[in-house]
Amino acid sequence: MSDNITVRGFVASEIRSATTPGGVATASFRLGATERRYDRGSSTWVDGNTNWFTVQGYRQLAGNIGCSIKKGQRVIVVGRLKMRSWEKDGRVYHDAEINAESVGHDLMWGSANFTRSAAAGSQTTAGPGSPGAPGIGDGDGGGPQSQPEDAGADGDGGADLHATFIVDESGEEEEVDQETGELKGAAA
């Protein structure tokens, strides 16, 4: 049985980033989900119980969580629920963990500006003009664009591709590393 869960709530802690001994990137945070209901007697909205979860993300998701999610923001988390319990000093503790598959901002509470990450190897299979290739006119809102560095100069018709994206605030272009999906020359 798969215990999939979708939770809307608020980020209640700073993002904790780490790397496993095997070299896998991780990011985690505490998520609070408070029930809201309308009380007809007093004609007001009232808060109910708050459920607490530890959200854990791995690999590319971990990097995106670390760059995008901040304490206090409203988010939606989709993942697998795992209940843990342990004993310490004769007392039993319980924790509800969500092994996240997706994390995003809850647009009911505000707006977000999405920037698509370059996945390792995805640009080599779908070049510019190919169906599904990111770039101008693909409807993804200006995510990374594949552009030939010196098309045809090496005789292969521009097989050397690099991905760029435009930083909205300054309008500067930054190159994305095809291997890692990280910005080249950017301070992390």
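Residues numbered from 1 in each chain as written. Predicted model: local features only at pLDDT ≥ 70, side-chain atom pairs only at ≥ 80, totals over all residues. Heavy atoms only, no water.

So, on to the environment of Ala-33. Looking at where Ala-33 falls in the secondary structure, it is placed in strand β3 (residues 25-39). Each C-alpha atom, one on Ala-33 and one on Arg-8, is 6.2 Å from the other, the two residues being 25 residues apart in sequence. Apart from the residues lying within four places of it in its own chain, the contact partners of Ala-33 are Val-7, Arg-8, Gly-9, Phe-10, Asn-49, Thr-50, Asn-51 and Phe-53. (Helix = DSSP H or I, 4+ residues; strand = E, 2+ residues; numbered from the N terminus. Contact = heavy atoms within 4.5 Å.)

Of all residues in the chain, 61% have pLDDT values of 70 or greater, and the mean over the chain is 74. Low pLDDT, under 50, characterises residues 120-164; the predicted model gives this stretch 60 contacts beyond four residues in sequence or across chains. (pLDDT = per-residue confidence, 0-100.)

In this section: the nonpolar core. Ranked by internal contacts, the top residues of the largest apolar core, which has 18 residues, are Val-7, Phe-29, Leu-31, Phe-53, Val-75 and Val-77. Residue assignment for this core shows that the elements contributing at least two residues are β1 (4-11), β3, β4 (44-58), α1 (59-68), β5 (74-88) and β6 (91-105). Contacts of Phe-29, omitting those with residues within four sequence positions, involve Val-11, Ser-13, Glu-14, Ile-15, Arg-16, Phe-53, Thr-54, Val-55, Ile-65, Val-75, Val-77 and Val-103. (Core = buried A, V, L, I, M, F, W, Y, C linked by side-chain atoms within 4.5 Å. Buried < 20%, exposed > 50% of the residue type's maximum accessible area, 1.4 Å probe, protein only.)

Below, the discussion takes up unusual backbone geometry. The phi angle at Ser-43 is positive, at roughly 55°, despite the residue not being glycine. In this fold, Ser-43 is placed in the loop between β3 and β4. Residue class for Ser-43 comes out partly exposed when judged on its relative accessible area of 49%. With phi around 55°, Arg-59 is a residue other than glycine that occupies positive phi space. Looking at the secondary structure, you find Arg-59 in helix α1. Look at Arg-59 and you get exposed, because its relative accessible area is 57%.

Checked against the element boundaries, Asp-95 lands in strand β6. The class for Asp-95 is buried, based on a relative accessible area of 11%. Only 3.2 Å separates the side chain of Asp-95 from the side chain of Arg-30, close enough to count as a polar contact. Polar contacts involving the side chain of Asp-95 include one to the side chain of Thr-54, which spans 3.2 Å. Not counting residues up to four positions away in its chain, the partners in contact with Asp-95 are Arg-30, Thr-54, Lys-82, Met-83, Arg-84 and Trp-86. (Polar contact = N/O pair within 3.5 Å; in protein donor to acceptor, adjacent residues only side chain to side chain.)

So, on to the side chain of Asp-106. Its place among the elements puts Asp-106 in the loop between β6 and α2 (122-125). Exposure remark for Asp-106: the relative accessible area of 8% places this residue in the buried category. There is a polar contact of 2.9 Å between the side chain of Asp-106 and the side chain of Arg-8. Each residue touching Asp-106, except ones within four places of it in the same chain, is listed here: Arg-8, Arg-74, Val-75 and Ile-76.

Below, the discussion takes up the pattern of salt bridges. A side chain of one charge can pair with a side chain of the opposite charge when the charged atoms of the two come close. Per the counting criterion, the structure on display carries 7 salt bridges. Ionic pairing is found between Lys-82 and Glu-97, a salt bridge with its closest N-O pair at 3.6 Å. Separated by 15 residues along the polypeptide, Lys-82 in strand β5 and Glu-97 in strand β6 bring together distant segments of the chain. Across the salt bridge formed by Glu-97 and Arg-84, the nearest N and O atoms sit 2.6 Å from each other. Taken together, the residues Glu-97 in strand β6 and Arg-84 in strand β5 connect sequence positions 13 residues apart. For Glu-97, a relative accessible area of 15% gives the class buried. Connected through salt bridges with shared partners, the residues Arg-30, Lys-82, Arg-84, Asp-95 and Glu-97 form a single ionic network. (Salt bridge = Lys/Arg side-chain N within 4 Å of Asp/Glu carboxyl O.)

Take the packing of aromatic side chains next. Note on aromatic pairs: each is described by the distance of the centres and the angle between the planes. Per the counting criterion, the structure on display carries 3 aromatic pairs. With a centroid separation of 5.8 Å and 15° between ring planes, the pair formed by Trp-86 and Tyr-93 is classed as stacked. Directly above the aromatic system of Trp-109 lies the positively charged group of Arg-74, at a separation of 4.1 Å from the ring centroid. (Phe/Tyr/Trp six-rings, centres within 6.5 Å; stacked < 30°, edge-to-face > 60°. Lys NZ or Arg CZ within 6 Å of the ring centre and 35° of its normal.)

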